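So you can see what is in the structure, the chains are spelled out below.
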Amino acid sequence: MLYDNLSVNDRGHLEVAGLDTVDLAAEYGTPLYLLDEDRVRAHCRTYVEAMRKYFPEGSVPLYAGKALCFKGIYPVVDSEGLSADVVSPGEIYTALAAGFPAGKLYFHGTNKTDEDIAYGLRSRVGFFIVDNPNELRALNAEAGRQGVHQKILLRVTVGLDPHTLEAINTGRVDSQFGVPIETGQAARFVEEAMAQENLELFGFHSHIGSQIFESDSFCDQADILIRFAKEMKEKLDYTARIFNIGGGFGVRYVESDPEVDIAGNIREISDHLRKGCAQAGIPMPVILMEPGRSIVADAGVTLYTTGGIKTVEGYRDYVTVDGGMTDNPRYALYKSAYTVLNASHADQAADFTCTIAGRCCESGDRIAEEIQIAKPRRGDIIAVLTTGAYNYAMSMNYNRVPRPALVMLHEGTARLAVRRQTFEDLVACEL
Ligand SMILES: *Cc1c(COP(=O)(O)O)cnc(C)c1O
């Protein structure tokens, strides 16, 4: 089994966090998202404890809500001591509706509109992470109008390619996110930020990408940030108090993916930063990290009911499911690999080669191709692992498929946290 919260019971059914997935599918219907809250909490603790231990006081993980944003996640990450990053007014609204403290929100976004800026300021978010000079000026003006003194970080790009998927790699020079250091623009960005009377600059943010398995990309990023901070100190007499080094630690989607030692990596990044800062003669800043995927991805499992096997003679066998790209667009977007199991017969040999196809009128609607599962019969429950991140968050109503329900599993009990959309929900905005 890919994770230690998965097991097979004496009925041959897959269990997640000790609960029978076939029973959960019967009770709540399919497609169904499961989220093992205890596993989310364990990941939160790993980050909080390692960051407290190895980084300066005040260093904290920010949960990257874009990975999985719904009201039920915020009390969990809040009670574990995380702050949160939000990328839109909708995410701010969700976090606040769940009672998350506004002061612990860090507001991202590459094109914040004037309305977004006004909303963020009115909501009293702790920090704006300012993406570009246009936003900087608009934010300063609106902060003045609202009589607010706003704390900010500046998003800079370090020009690194951490060898991950092109579509989820955001730290290179040619990027629509942030302002590049290499071209000299980031230095001018800092100078302009220091001159804004309603804004207080605390430091820099950089996010290099996703599905990163080792600390070396973060260490390369740290080197560039330290060099930049040193330059800002010398040229502008500006001392950065915070480095936000972004998110991006990888998770295991399939057996061949390595397991990331989060605490070990944090220790390596810390050693590297401390040495670098000492050499550069700058104080070690408070460190923020923004884990999303590595907090929620492997706590999530999606359950489907299969419509059975459809054989195209001479080609392949399709196993059809009652969801697909509408609840998990990642295969259609990135050809992401997934581990799939026949949850109804998890005790049987996974020796049937097939392609998992969704229900949409779209040939790209697949979840996995040429994988092996125990041969299913119509009505069996199919489980797709590692769907906690960027699945519900990216779900859609294409073909008017209602979004699935989400059930949280905590200390041996299941709780409906997001109800299944109804057909009335589908037409609710339509006049
Ligand atoms: C996507 C993103 C994250 C989260 O990345 P994960 O790979 O989910 O950890 C954090 N910060 C920023 C700025 C992002 O764009």
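Residues numbered from 1 in each chain as written. Predicted model: local features only at pLDDT ≥ 70, side-chain atom pairs only at ≥ 80, totals over all residues. Heavy atoms only, no water.

Colleague: Give a description of the nonpolar core that names residues and reports values.
Modeller: Counting 102 residues, the largest nonpolar core has Ile-152, Phe-204, Phe-243, Met-289 and Ile-356 as its most contacted members. For this core, the element with the highest residue contribution is helix α8 (residues 216-236), accounting for 8 residues. For this core, the two domains that each supply at least three residues are domain 1 (6-36 + 297-426) and domain 2 (108-291). Those residues within four positions of Ile-356 in sequence are excluded, and the remaining contacts are Val-319, Val-321, Val-340, Arg-366, Ile-367, Ala-368, Ile-371 and Ile-373. One finds Leu-14, Leu-24, Tyr-28 and Ala-405 within the second-largest nonpolar core, a separate group that totals 22 residues. (Core = buried A, V, L, I, M, F, W, Y, C linked by side-chain atoms within 4.5 Å. Buried < 20%, exposed > 50% of the residue type's maximum accessible area, 1.4 Å probe, protein only. Helix = DSSP H or I, 4+ residues; strand = E, 2+ residues; numbered from the N terminus. Domains from an automatic or database assignment. Contact = heavy atoms within 4.5 Å.)

Colleague: I'd like a rundown of the pairing of strand β17 (residues 352-357), residues and numbers included.
Modeller: In terms of burial, β17 is a largely internal element, 5 of the 6 residues being buried. Both strand β15 (residues 316-321) and β17 contribute to a ladder of 3 bridges, which runs parallel. Considered in β17, the bridge of Val-319 is made with Ile-356. Summarising the sheet, β17 and strand β18 (residues 366-373) pair through 5 bridges and their orientation is antiparallel. (Pairing = 2+ DSSP bridges.)

Colleague: So what's going on with the sheet that holds strand β2 (residues 14-16)? Which residues, and what values?
Modeller: The 3 strands lie next to each other as β1-β2-β3, forming an open sheet whose pairing is antiparallel. Of all the strands in the sheet, the pair left with one neighbour each is β1 (6-8) and β3 (19-20). Pairing analysis gives 2 bridges linking β2 to β3, with the strands arranged antiparallel. Within β3, the residue paired with Val-16 across the bridge is Leu-19.

Colleague: Please provide a residue-by-residue account of the domain arrangement of the protein chain, values included.
Modeller: Frequently, the measure chosen for interface size is the accessible area removed from exposure when the parts meet. Per the domain assignment, the segments making up the protein chain are domain 1 (6-36 + 297-426) and domain 2 (108-291). Here the C-alpha centre of domain 2 lies 36 Å away from the C-alpha centre of domain 1.

Colleague: Explain helix α1 (residues 21-28) to me, and be specific about the residues and the numbers.
Modeller: In an α-helix there are 3.6 residues to a turn, and that puts residues three or four apart on one side. Every buried residue of α1 is listed here: Thr-21, Val-22, Leu-24, Ala-25 and Tyr-28. Burial along α1 is one-sided: seen end-on, the buried residues are contained in an arc of 160 degrees. Turned more than 90 degrees off the buried face of α1, the exposed positions are Ala-26 and Glu-27. Capping the start of α1 is the job of one residue whose side-chain oxygen sits 2.8 Å from the backbone nitrogen of Val-22: Asp-20. Trailing α1 by a residue or two, Gly-29 shows a phi angle of about 85 degrees, which is positive. (Arc of directions from axis to C-beta. Polar contact = N/O pair within 3.5 Å; in protein donor to acceptor, adjacent residues only side chain to side chain.)

Colleague: Account for the environment of Leu-121, naming residues and giving values.
Modeller: Within the fold, Leu-121 resides in helix α5 (residues 114-122). Spatially, the C-alpha atoms of Leu-121 and Leu-201 are 16 Å apart, while their sequence positions differ by 80 residues. If we skip the residues at most four places from it in the chain, Leu-121 touches Phe-128, Leu-139, Glu-142, Ala-143, Gln-146, Val-148 and Gln-150.

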